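Summary of structural features
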Amino acid sequence: MSSSRTFEDKQPQRRASSGFEFLKGVGQVTGGTLLSITMLASSIVAGGLVGLAVSFRNLPDVRQLRNFFPSETTYIYDVKGKLLTSIHGEANREVASLDRISPNLKRAVLASEDSHFYDHHGINPVGVGRAVVVNWAAGGVKEGGSTVTMQLVKNLFLTRKRAFTRKIAEGVLAIRLEQILSKDQILEMYLNQVYWGHNNYGVQTAARSYFNKSAEYLNLGESAMMAGLIQAPEEFSPFMSMKLAKQKQKEVLGRMLELNWINQQEYDNALKQEIKLGKIKSFQGSALPYVTNAVAQELAKKFGRDALLKGGMRVQTTVDAEFQQMAEQTVSKWHKSLLGQGLSKNQIALVAIDPRTHFIKALVGGVDSKTSEFNRATQAQRQPGSAFKPFVYYTAFATGKFAPDTTVVDAPVSYRDGDGWYYPKNYDHGFSGAMSIRQALSVSRNIPVIKIGKSVGMNKVIEACRTLGIMSPMEPVTSLPLGAIGVTPLEMASAYATFANYGWQSPPTVIVRVTDSSGNVLLDNTPKPQLVLDPWASAAIIDVMRTVMTDGTGKGAAIGRPAAGKTGTTSSEKDIWFVGTVPQLTTAVWVGRDDNKQLASGATGGGMVAPVWRDFMQKALKDVPAENFKPPSKFPRPKSN
C-alpha cells in the first residue's frame, strides 16, 4: 500500500450550499425546522461518536490494517506471457497503487460517494445529520450518510445488516482508521476493496472487465460510468443495461459539474465519449485446463490453497499455448482413429518434457477436458507393462557387470513365489534361447528381464525407480520387471528424460517462475540439475532403446532421426504405452480405459500407440534440428563391485 503519496489531482472543494439543499424532498417538515434538526443531529452524532470511540471496546482493532493485504486474483500465463486463466476465491481482484489509478476515476468516485473526503476525519457530520433526519422522517433506515472511510471499515469488518447500531460502529471505526492511515492510503484501500459487479473486486479488475484497459487509462466518461456502479453494480452494469449505466454516468458527471471539479465542456465531451465494452471475465474457464489445473495443484502444494486463491500470484508456466493446443488436437484426432480400430471408450494421456531442463512442454490429461477434467497424465496410476523394463536393464548396467551385448538365455524358468511357484512367460508363449540384452529389450522378451532383475536384486531396481521419481508402492517380487505397478505418464516421461540427459535430473515442473503482484519473486524454477544416475549406464540404456525403434517393437514410432523408446503392453491389454525420446524432447503416451477394462484383444503399444507418438513428435520437432545421442563410449563404464 502507498504510504507517502499525495492526491495529485484537483482537491475536492467544499460545497457552498446551505443545509436545506441536502434535505429537499422531506415534505412533512418545514425548511427551518429541517435545518435546525440537521444541525442538532449533526452535533449530537459527531459528539456522540467521539465519546463512543472510547467506550466501544469490542470493535475490531483497525491498527491491523497497517499491514493489510487484500485478497488478490492469481493469474497463470503460458511461457510467452499469454494469459491462460485466473484463480480466485470470493474476490476477483488485482491491486493497483493510487498513482496508477486515473485521476478521472478518483474524482468521479469522490464526487459520487464522499465529496468532503479530504476535509472530514472519518465521518461527515452534515451527511450523518442529513441521514438521521431522512431516516427519522421515513421511520426506518433509508439513507446511509456513509463516508468513504465508513464504507471501507464496513466492507472490511462489519456485516451488511442496515441498522443504527452498525452505523455507529462504522463511525467509531472510521474515526480510529483516520488516526492511523493517511487519506491517500484510505482512498487507495477503498478503491482496491470495493465491489464493482460481476465478481470484480477492486478498480483494476473492474476496469479490465468493463473497458478492457488498465484503471490508469480510464477517461472521464468511463470513470463516471464506473463510479455510478458502486451503489448497485449489477443493476447499473453496462453489460446488463447500457441505458441505466448511461443514466448513472450522467448523474455522476452532473455532481462533478455541480462541485466545479469539471467544467461544462468536459461534462459535454464525457457524455459523448464512445463506450467500448470489454468482456465479463470473472467466470471464464481456463484456455488450457489440464495445464492450469496442474499448476494450481503445484501452487497449492507449495504455498497452500489460501495463498493460491487470495495471494495475487503471477505464474509463468513452462508450456507454450500453441504447442499445447497442437498436443491436445493430436490426442483428439487419435482418439477418434483408435475408436475406428475397435478401441471403444479409449482415453489418451500425453506428457512431453524437455530432458535438458525437465520443464513440461505439453500435458494432455484426456481426450476432452470439457467432458472430464480428470488429469490422467498426472493422476492416473496405470501399469506400464514392458515400458518398465529399461529401469531393470539400467540398474544392471549401473553395476558395471552387464552391458548391452551381455548374453542372457530366454528359456523356461520357475521361481518360488510365496507359497507357490511362478512360471514367467513371454508374450508369444515361446522361447528364443541365448540373446543379448539389446536384442531381448528390442523384441521385449519377458524371461530375460526377470533373470537380470533377479541377478541384480529387485530392491536395487526399486531404488533406481525411486531415484527416477517413481513413487508408487513397489514390492521386490519376481514379476516386478514386467511392470505390474502403478505409474503416471508424467512419472514415465520424467524417468526417460533423465536417461536422455545421461543421468542429470531436475524436478519435473510446469512452472518457470512465480511472483507476487508487485513483481517480487516467490518461486524460481530455473533448472538446477543434479547427477542422480550413472552416465554410462544411462547412455547404454538409451543406445539399447534406439534398437527398439530401428529393429524391434517400436518400429512404428520411427521419425527419421535418432530416437530411443520402448513400447508397453500389459496383460489383458488394459494399458498400452509408448515412451520415447530424442535429445531435446521426451514424450510418454498412454492409452487405456477409465474403467480399467480390456481395450481390445491384440491391442499393443507398438501397434496402436507408437503411431500416436510418432505423429506428435513429428509436429513437435518440425523446426528442431536432428541431434545424435552421446554414445556410451563417451562416458567411463562403472567398475563392477
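Residues numbered from 1 in each chain as written. Predicted model: local features only at pLDDT ≥ 70, side-chain atom pairs only at ≥ 80, totals over all residues. Heavy atoms only, no water.

Side note on the overall build of the protein
If you tally the helices and strands in the protein, you get 20 helices and 18 strands. Looking at the protein alone, contacts between residues at least 24 apart form 72% of all its contacts between residues at least 6 apart. A total accessible area of about 27600 Å² is found for the protein, and carbon and sulfur atoms account for 51% of it. (Helix = DSSP H or I, 4+ residues; strand = E, 2+ residues; numbered from the N terminus. Contact = heavy atoms within 4.5 Å. Areas by Shrake-Rupley, 256 points an atom, 1.4 Å probe, with all protein chains shown as cover.)

Some remarks on the sheet that holds strand E18 (residues 585–592)
A sheet is described by the order of its strands in space; here five strands give the open sequence E7-E6-E18-E17-E16, paired in antiparallel fashion. Two strands close off the open sheet at either side, each with one partner strand: strand E7 (359–364) and strand E16 (564–569). The mean angle between the axes of side-by-side strands here comes to 10°, regardless of whether they run parallel or antiparallel. In the sheet, strand E6 (residues 347–354) pairs with E18 via seven bridges, with the strands oriented antiparallel. Pairing of Leu350 across the sheet is with Val589, part of E18. Set on the sheet, helix H13 (residues 321–340) makes contact with E6, E7 and E18; between it and E7 the angle comes to about 35°. (Pairing = 2+ DSSP bridges. Axes fitted to C-alpha atoms, helices over the stretch in contact; angles between N-to-C directions.)

Remarks on the nonpolar core
Grouped together as the largest cluster of nonpolar side chains are 83 residues, with contacts concentrated most on Phe388, Phe391, Tyr393, Phe397, Met492 and Phe499. Here this core takes nine residues from helix H19 (residues 535–551), the largest share from any one element. When residues no more than four places from it in sequence are discounted, the contact partners of Phe397 are Phe402, Ala403, Pro404, Ile437, Trp536, Ala537, Ala540, Ile541, Val544 and Pro638. Residues Ala108, Val148, Leu181 and Met226 belong to the second largest nonpolar core, which totals 49 residues. (Core = buried A, V, L, I, M, F, W, Y, C linked by side-chain atoms within 4.5 Å. Buried < 20%, exposed > 50% of the residue type's maximum accessible area, 1.4 Å probe, protein only.)

So, helix H7 (residues 203–211)
The α-helix advances 3.6 residues per turn, and as a result positions three or four apart in sequence lie on the same side. Within H7, eight of the nine residues are buried, leaving the element largely enclosed by the surrounding structure. Just downstream of H7, Asn212 is the residue with a positive phi angle, here 55°.

With respect to the packing of aromatic side chains
Any two aromatic rings considered together are summarised by their centre-to-centre distance and by the angle between their planes. Taken as a whole and judged by the stated rule, the model has 13 aromatic pairs. Relative to Tyr496, the ring of Phe391 has its centre 6.0 Å away and its plane inclined at 80°; by these criteria the two rings are edge-to-face. Residue Phe391 is located in helix H14 (residues 389–398), and its partner Tyr496 is located in helix H18 (residues 489–500); the two are separated by 105 residues in the primary sequence. Judged by relative accessible area, which is 0%, Tyr496 ranks as buried. A network of ring pairs unites the aromatic residues Phe388, Phe391, Tyr394, Tyr496 and Phe499 as a single cluster. Cation over ring: Lys183 sits above Phe117, and NZ or CZ is 4.5 Å from the ring centre. The ring of Phe236 is capped by Lys248, whose NZ or CZ atom sits 5.0 Å from the centre of that ring. (Phe/Tyr/Trp six-rings, centres within 6.5 Å; stacked < 30°, edge-to-face > 60°. Lys NZ or Arg CZ within 6 Å of the ring centre and 35° of its normal.)

Thoughts on the pairing of strand E14 (residues 521–524)
The pairing of strand E13 (residues 511–515) with E14 spans three bridges and is classified as antiparallel. If you follow Val514 over to E14, its bridge partner there is Leu523. Counting the residues between successive antiparallel strands, the hairpin from E13 to E14 contains five residues, one of them, Gly519, with a positive phi of roughly 95°.

A short note on helix H9 (residues 242–258)
Here H9 spans 24 Å end to end across 17 residues, near enough to the 24 Å set by a 1.5 Å rise per residue. Turning to H9, its buried residues are Ala245, Lys248, Gln249, Val252, Leu253, Arg255 and Met256. End-on, the buried residues of H9 take up no more than an arc of 155°, which puts them together on one face. For H9, the secondary structure elements touched by its buried residues are helix H2 (103–113), helix H8 (220–227) and helix H10 (264–272). A positive phi of about 65° marks Asn260, the residue just after H9. (Expected span 1.5 Å × (residues − 1). Arc of directions from axis to C-beta.)

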